[in-house]
Amino acid sequence: MQRLQDIAVTVASSDDAPLNHANAIPILHEVLHALNRFAQQGSETTIDLRAIPFGPGDEQALLDILGRGEVEVMLRSLGDSTIWESSYPGVWVVDHRNAENERVALQLVIGRIPEIIQSQTEDILDAVDRLQERLEVYD
């Protein structure tokens, strides 16, 4: 009698299988509506791409269509995050990774600049104190 682990299993793939299930297109429509809302009303929108059931190739198709613009920011805090403006100003891609370089969040942020790269009030107040202490050395 054969045991289950003795049975050879082969995964067949077809070259005809679609690499894109067209889930990127509805997301792009949502981006368009969000971008229009931002332009008209100033309402920012965040779209959590990790919560969307992409088919094979959909995420890459979406990112390819959005492209890359002129601004890219690296944030190093509990892992590396890359934030870049797409080729459509006001549409930002925010890719968060942990210390093991595993993706923990992937978002589209529609707005002037993602909040994560804006200086926080507490940090600014700390900067005032630190710079003041530094300048006291020269006085």
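Quick caveat: nothing in here was measured; it's all calculated off a predicted structure.

### Details of the overall build of the protein chain
Okay, step 1: Across its full length, the protein chain holds 3 helices and 5 strands.
Okay, step 2: The order of helices and strands in the protein chain, counted from the N terminus, is α-β-α-β-β-β-β-α.
Okay, step 3: Across the protein chain, the fraction of contacts at a sequence separation of at least 24, relative to all contacts at a separation of at least 6, is 40%.
Okay, step 4: Entry remark: accessible area of the protein chain is about 10200 Å², with carbon and sulfur atoms responsible for 51%.

### Structural notes on the pattern of salt bridges
Opposite charge on two side chains permits them to pair, given that their charged atoms come into close proximity.
Okay, step 1: One pass over the full model with this rule turns up 7 salt bridges.
Okay, step 2: Among the salt bridges present, the one from arginine 37 reaches glutamate 30, with a minimum N-O distance of 3.5 Å.
Okay, step 3: The exposure class assigned to arginine 37 is partly exposed, which follows from its relative accessible area of 31%.
Okay, step 4: Note that arginine 130 and aspartate 126 form a salt bridge whose closest N and O atoms lie 3.1 Å from each other. You can see arginine 130 and its partner aspartate 126 sitting in helix H3 (residues 121–136), 4 residues apart, about one turn around the helix.
Okay, step 5: Through salt bridges that share partners, Glu59, Asp95, Arg97 and Arg103 make up one connected network.

### A closer look at the sheet that holds strand E5 (residues 103–110)
Okay, step 1: Spatial ordering of the open sheet is given by E1-E5-E4-E3-E2, a layout of 5 strands whose pairing is antiparallel. One side of each edge strand has no neighbouring strand; the edge strands of this open sheet are strand E1 (45–48) and strand E2 (72–76). The mean inter-strand angle of the sheet, taken between neighbouring strand axes irrespective of direction, is 20°.
Okay, step 2: Across 5 bridges, E2 lies against strand E3 (residues 80–85) in antiparallel orientation. By the bridge assignment, valine 73 is partnered in E3 with isoleucine 83.
Okay, step 3: Sheet contacts for helix H1 (residues 24–41): E1, strand E4 (91–97) and E5; angle to E5, the most-contacted strand, approximately 50°.

Parameters at a glance
Residues numbered from 1 in each chain as written. Predicted model: local features only at pLDDT ≥ 70, side-chain atom pairs only at ≥ 80, totals over all residues. Heavy atoms only, no water. Helix = DSSP H or I, 4+ residues; strand = E, 2+ residues; numbered from the N terminus. Contact = heavy atoms within 4.5 Å. Areas by Shrake-Rupley, 256 points an atom, 1.4 Å probe, with all protein chains shown as cover. Salt bridge = Lys/Arg side-chain N within 4 Å of Asp/Glu carboxyl O. Buried < 20%, exposed > 50% of the residue type's maximum accessible area, 1.4 Å probe, protein only. Pairing = 2+ DSSP bridges. Axes fitted to C-alpha atoms, helices over the stretch in contact; angles between N-to-C directions.

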